[in-house]
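Residues per chain are reported as follows:
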Amino acid sequence: MSKSRLTPLAKLLITVLIVGALFFGGRYVYNNFINKDNTTTTTTTTTDNNSGNTTNTTTTTDTNSGKTDNRTSFTYKPKSPIGGKLMGVVELGASGFNNFIINKDRDDNWELEKAEYGSSLVYDGMASGKDVTTTLKNYISGILDYGVSGKDVHFVVSSGAMKAAETQPIIKGLKGMGYVVNEVTPEQEGSLALKCVLPKDFEDSAFVVDIGSGNTKVSWMEGGRVKAVETYGAKYYKNSTADSKVLAEATKVGEGVPSSKSKRCFIIGGVPFQMAKQVRNGKERYTVLKAPGDYEPDGAKMKSGLNIYQGL
C-alpha cells in the first residue's frame, strides 16, 4: 500500500494532534502562589540571557509531611490567530481515536478550539471495520457541526499505531470511505511536534519530548534543522520489556541532547497529560511538571511512562 504524501497544510494540521493534551495539560503557570496554613513558600527569580525570559522558581514545603515541591513558572504566551479559519484533524494513535479543531491564521498562529478523545481501537483489541466507520462518522459529524468545512478535515496515523497489526484494516477502512490518510514516521512526528510545541524564542535553549504509547520522540533544532530520535513508548510493559532496559535507553537518548538545548524541556503525550492534571491550574496552556520521583503512578502505563520520564 503506497503512502500518501503530506501537503504543507496537512503537515501543519497533523502537528495539532500532538498537542491536543497540551491545551488541557500543558505546563503549570504560577504567576501568583497562594500560601496555605501548613506550607512555607520561597521564590527565586532568574533571567535567561539568551531569550530574555524571566522565570520564577517556587519552592513549597508542607510543614506536616516535609515534602518539597520545586517548580519553575512559565508565563510565555504564543500569539493568537488573527482572522483565522477553523480546521480539523482526526488521529489514529496507538491508544486511541481522537479529533481536534483549531483556529489558524495565514501566519500559522493557532489555538485549540476543541478536543475529543475516543476509546482505544488498536492495542486494546477493539479495531474492526464497523468500529472505524461508526467512530469516523460520529467524529466527522461533530467536527462539521462545529463549523469546519469538510475539505479542511484531515486524517493521520501515528508512527506508534503503524506498528500494530490491527492498524492496516483501519487504514484500509478509512481509505475505503474516500479519505486521504497521512501515515507519519517517528522522525516526522518528532519534527512536527517540535514545529508545533517549541516557540521560536526557545529554539536555542530547549528540546521537545513526546511520550506516546507506542514510542517516545525526542527532538531539537540542530544547524537549522530538526533532529529527532525515537525510543520506547509508555506501553512497553505489554511486551514484557524490562524497566531497566527502557530506563537505560531513555537515559542514553536524553544524554544525546546537546547541553545547550537542555535548559528547558517541552514535554507532551498521554502520560505527561496525566501528570499535568495533578498540578494544573485551570485550563492553562503550559503546566510545569514535578520531578519524576514526586509522582505516584496510577496503573502500568503511567508507571512505564514515568520510567521513561526519569531516564530522559
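To be clear, the structure that these remarks concern was listed above.
All values reported here derive from a predicted model rather than from experimental measurement.

J.: Talk me through the sheet that holds strand 4 (residues 85-92); I want residue IDs and the actual numbers.
T.: Pairing in this open sheet of 5 strands is mixed, and the strands run 6-5-4-7-8 from one edge to the other. Each edge of the open sheet is held by one strand with a lone partner, namely strand 6 (110-117) and strand 8 (181-183). Across the sheet, the mean angle from the axis of one strand to that of its neighbour is 25°, orientation sign disregarded. Direction of pairing for strand 7 (residues 153-157) relative to strand 8: parallel, over a ladder of 3 bridges. Each residue of the ladder has a partner; that of valine 156, found in strand 8, is asparagine 182.

J.: Quick one: what's the story with the environment of tyrosine 146, residue by residue and with numbers?
T.: Take tyrosine 146: it is sitting in helix 3 (residues 129-146). Its relative accessible area of 34% is what places tyrosine 146 among the partly exposed residues. Sequence separation of tyrosine 146 and leucine 86 is 60 residues, and the distance between their C-alpha atoms is 8.8 Å. When residues no more than four places from it in sequence are discounted, the contact partners of tyrosine 146 are Leu86, Ile101, Glu113 and Lys114.

J.: Break down the packing of helix 7 (residues 243-255) against helix 9 (residues 300-311) for me, with residues and values.
T.: Packing of helix 7 against helix 9 brings their axes to within 7 Å, and their N-to-C directions diverge by 35°. Crossing of helix 7 over helix 9 shows right-handed handedness. Across the interface between the two elements, Asp243, Val246, Leu247, Ala250 and Thr251 from helix 7 touch Lys303, Asn307, Ile308, Gln310 and Gly311 from helix 9. Residue classes in the contact of helix 7 with helix 9 are distributed as 4 nonpolar, 4 polar and 2 charged.

J.: Could you give an account of the pattern of salt bridges, with specific residues and numbers?
T.: Summed over the entire model, instances satisfying the criterion amount to 8 salt bridges. Of the charged contacts in the structure, one is a salt bridge between glutamate 203 and lysine 200, with a shortest N-O distance of 4.0 Å. Note on lysine 200: relative accessible area 70%, which makes it exposed. The shortest N-O distance in the salt bridge between aspartate 210 and lysine 217 comes to 3.7 Å. For the pair shown, aspartate 210 and lysine 217 are each scored as buried. Linked through salt bridges whose partners overlap, the residues forming this network are Glu189, Asp210 and Lys217.

J.: Got a sec to walk through the sheet that holds strand 10 (residues 215-222)? Specific residues and values, please.
T.: With respect to topology, 4 strands assemble into an open sheet ordered 11-10-9-12, the strand pairing being mixed. Of all strands in the sheet, those with a lone pairing partner are strand 11 (225-232) and strand 12 (264-269), marking the two edges. Within the sheet, the average angular offset between the axes of one strand and its neighbour, ignoring direction, is 20°. Pairing between strand 9 (residues 206-211) and strand 10: 4 bridges, direction antiparallel. Looking at strand 10, one finds that aspartate 210 is bridged to lysine 217.

Rules behind the numbers
Residues numbered from 1 in each chain as written. Predicted model: local features only at pLDDT ≥ 70, side-chain atom pairs only at ≥ 80, totals over all residues. Heavy atoms only, no water. Pairing = 2+ DSSP bridges. Helix = DSSP H or I, 4+ residues; strand = E, 2+ residues; numbered from the N terminus. Axes fitted to C-alpha atoms, helices over the stretch in contact; angles between N-to-C directions. Buried < 20%, exposed > 50% of the residue type's maximum accessible area, 1.4 Å probe, protein only. Contact = heavy atoms within 4.5 Å. Left-handed = near helix turned anticlockwise from the far one by under 90°. Nonpolar A, V, L, I, M, F, W, Y, C, P; charged D, E, K, R; others polar. Salt bridge = Lys/Arg side-chain N within 4 Å of Asp/Glu carboxyl O.

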